Amino acid sequence: MNPQLFLAFMVVAVALACTPGVDWAYSIAAGLRQRSFVPAVAGLCGGYVIHTALMALGLAALLTGMPGVLGWLTAAGAAYLLWLGFSTVRSWRGASFNAGPEETPAPAPDSQFRIFCQGMGISGINPKGLLFFVALVPQFVSPEATLPVPVQSGLLGLTFVVLVAVVYSCVALLARKLLHSRPGAARRVTLASGIIMLLLGAVLLSEQLIPWVSAAITRS
């Protein structure tokens, strides 16, 4: 793999991972509402592993040529974000870390698995993540390199997964540390995270509904 291309990819990937968005909102909410944020971050990374696998297999490029499928995926992802945002906003009053670890009951295993699946749904169902891999990664792949193109694509995708794992873990940990003794601030941040999810879900859904409504009006 070309070292210069890889370094350039690292710079771009770090910048993107450090850009606040719905992944950050979910990481912060998990850091405030759950005893461990690891399942949430692992779920988010799992979604990007799926995107990496699709890209390496060439399925991502195929899906981008099927706007109808992408439209339905976007609508499903938007509905999922709306549901998660509503759930977060509804429980924002419980975001507090006044109690010590010995006073906080450990979450049930199925709860940990549910948190993991929610994180995977956020990053995995979002077709914009798929388009990100299709549009960005090929720019840093060298056809003249020793490694085959699918292998280079997979390595770049997994590098991004490692980067987001580090960044999202730091985001969740900092949120917990900074707001540990500030229950009021913790509740406000959790509420803001839920609102961000709701807004992004509404934007994604409107992007799909507006063309459908316009087409229906035109036909009528």
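Structural data are supplied above this passage.
Calculation criteria
- Numbering of residues starts from 1 in each chain and follows the order in which that chain's sequence is written.
- With pLDDT at 70 or above as the cut-off, local features in this predicted model cover only qualifying residues; side-chain atom pairs require 80 or more to be listed or tallied, and sums for whole chains, interfaces and linings still use all residues.
- Side-chain figures throughout are based on the complete set of non-hydrogen atoms in the structure, without hydrogens or water.
- Helix and strand definitions here come from DSSP, where helices need a minimum of 4 consecutive H or I residues and strands a minimum of 2 consecutive E residues; each element is numbered from the N-terminal end.
- Remark: exposure states derive from per-residue accessible area (1.4 Å probe, protein chains only) relative to the maximum for the residue type, with buried under 20%, exposed over 50%, and partly exposed in between.
- By the convention used here, residues are in contact when the closest approach between their heavy atoms is within 4.5 Å.
- Surface accessibility follows the Shrake-Rupley procedure with a 1.4 Å probe radius. Residue values consider only the protein chains on display as shielding.
- By this rule the span expected of a helix is its residue count minus one, scaled by 1.5 Å.
- The directions from the helix axis to the C-beta atoms form the arc being described.
- Think of a polar contact as two N or O atoms within 3.5 Å of one another; within protein, one of them needs to be a possible hydrogen donor and the other a possible acceptor, and neighboring residues in sequence only count if both atoms come from side chains.
- Only C-alpha atoms enter the line fits that serve as axes; for helices the fit covers just the stretch in contact. Angles between N-to-C directions range over 0 to 180 degrees.
- Oblique is the label for any angle not covered by the other classes, which are roughly parallel (under 35 degrees), roughly antiparallel (over 145) and roughly perpendicular (65 to 115).
- Polar here means any residue outside two lists: the nonpolar Ala, Val, Leu, Ile, Met, Phe, Trp, Tyr, Cys and Pro, and the charged Asp, Glu, Lys and Arg; Gly therefore counts as polar.
- Buried residues of nine kinds, namely Ala, Val, Leu, Ile, Met, Phe, Trp, Tyr and Cys, make up a nonpolar core once their side-chain atoms join them within 4.5 Å.
- Centres within 6.5 Å are what make two rings of Phe, Tyr or Trp a pair, Trp counting through its six-membered ring; a difference in plane orientation under 30 degrees is then read as stacked, over 60 as edge-to-face, and the rest as tilted.

**Considering the overall build of the chain**
Here is step 1: The helix and strand tally for the chain stands at nine helices and zero strands.
Here is step 2: Along the chain, helices (α) and strands (β) appear in the sequence α-α-α-α-α-α-α-α-α when read from the amino end.
Here is step 3: Relative to its 220 residues, the chain shows a buried fraction of 40%.
Here is step 4: Taking the contacts inside the chain whose residues are at least 6 apart along the sequence as the reference set, 89% of them involve residues at least 24 apart.
Here is step 5: As displayed, the chain has an accessible area near 11400 Å², and 72% of this comes from carbon and sulfur atoms.

**Focus: helix α1 (residues 3–17)**
Here is step 1: With 15 residues, α1 should reach 21 Å at 1.5 Å per residue; the first-to-last C-alpha distance of 21 Å fits that figure.
Here is step 2: Taken together, the buried positions of α1 are occupied by F9, A13 and A17. With its buried residues spanning 60° around the axis, α1 presents them on a single face. Seen from the buried face of α1, the exposed residues on the opposite side, beyond 90 degrees, are Q4, L7 and V11.

**Let's talk about the environment of L136**
Here is step 1: The topology assignment puts L136 in helix α7 (residues 127–136).
Here is step 2: Classification of L136 by relative accessible area gives buried; the value is 12%.

**Concerning the side chain of Q152**
Here is step 1: Assignment of secondary structure puts Q152 in helix α8 (residues 149–179).
Here is step 2: Since its relative accessible area comes to 1%, Q152 is described here as buried.
Here is step 3: At 2.9 Å, the side chain of Q152 forms a polar contact with the backbone oxygen of L147.

**Let's talk about the packing of helix α2 (residues 22–33) against helix α3 (residues 38–57)**
Here is step 1: Here α2 crosses α3 at 155°, and the two axes come no closer than 9 Å. Here α2 is positioned roughly antiparallel relative to α3, judged by the angle of their axes. For the pair α2 and α3, the contacting residues are D23, Y26, S27 and A30 in the first and A40, L44 and Y48 in the second.
Here is step 2: Split into classes, the residues belonging to the contact of α2 with α3 amount to five nonpolar, one polar and one charged.

**A word on the nonpolar core**
Here is step 1: Ranked by internal contacts, the top residues of the largest apolar core, which has 37 residues, are F9 and F160.
Here is step 2: Put simply, the parts of the chain that give this core at least two residues each are α1, α2, α3, α6 (109–125), α7 and α8.
Here is step 3: For this core, the leading source of residues is α8, giving 10 residues.

**A short note on the packing of aromatic side chains**
Here is step 1: Scanning the model with the defined rule gives two aromatic pairs in all.
Here is step 2: Taken together, a centroid distance of 5.5 Å and an interplanar angle of 70° make the contact between F9 and F140 edge-to-face. Of the two residues, F9 sits in helix α1 while F140 sits in the loop between α7 and α8, which places them 131 residues apart along the sequence.
Here is step 3: Judged by relative accessible area, which is 1%, F9 ranks as buried.
Here is step 4: Residues Y48 and F160 carry aromatic rings whose centres are separated by 5.5 Å and whose planes lie at 90° to one another, so their mutual orientation is edge-to-face. Taken as a pair, Y48 in helix α3 and F160 in helix α8 lie far apart in primary sequence, 112 residues in all.

**Quick word on α3**
Here is step 1: Taking 1.5 Å of rise per residue, 20 residues should cover 28 Å, and α3 covers 28 Å from first to last C-alpha, within 8% of that figure.
Here is step 2: Looking at α3, one finds that the buried residues are P39, A40, V41, G43, L44, C45, G46, G47, Y48, H51, T52 and M55.
Here is step 3: Directly beyond the C-terminal end of α3, a positive phi value near 85° is found at G58.

**Considerations on the environment of A192**
Here is step 1: Note that A192 resides in helix α9 (residues 183–219).
Here is step 2: Here the alpha-carbon distance between A192 and A25, two residues 167 residues apart in the chain, equals 8.1 Å.

**Here's the deal with the environment of T52**
Here is step 1: On the secondary structure map, T52 appears in helix α3.
Here is step 2: Using a relative accessible area of 5% as the deciding quantity, one classes T52 as buried.
Here is step 3: Remark: the alpha-carbon pair of T52 and L158, spanning 106 residues in sequence, is separated by 6.9 Å.

Purely spatial values, then, with no claim about function.
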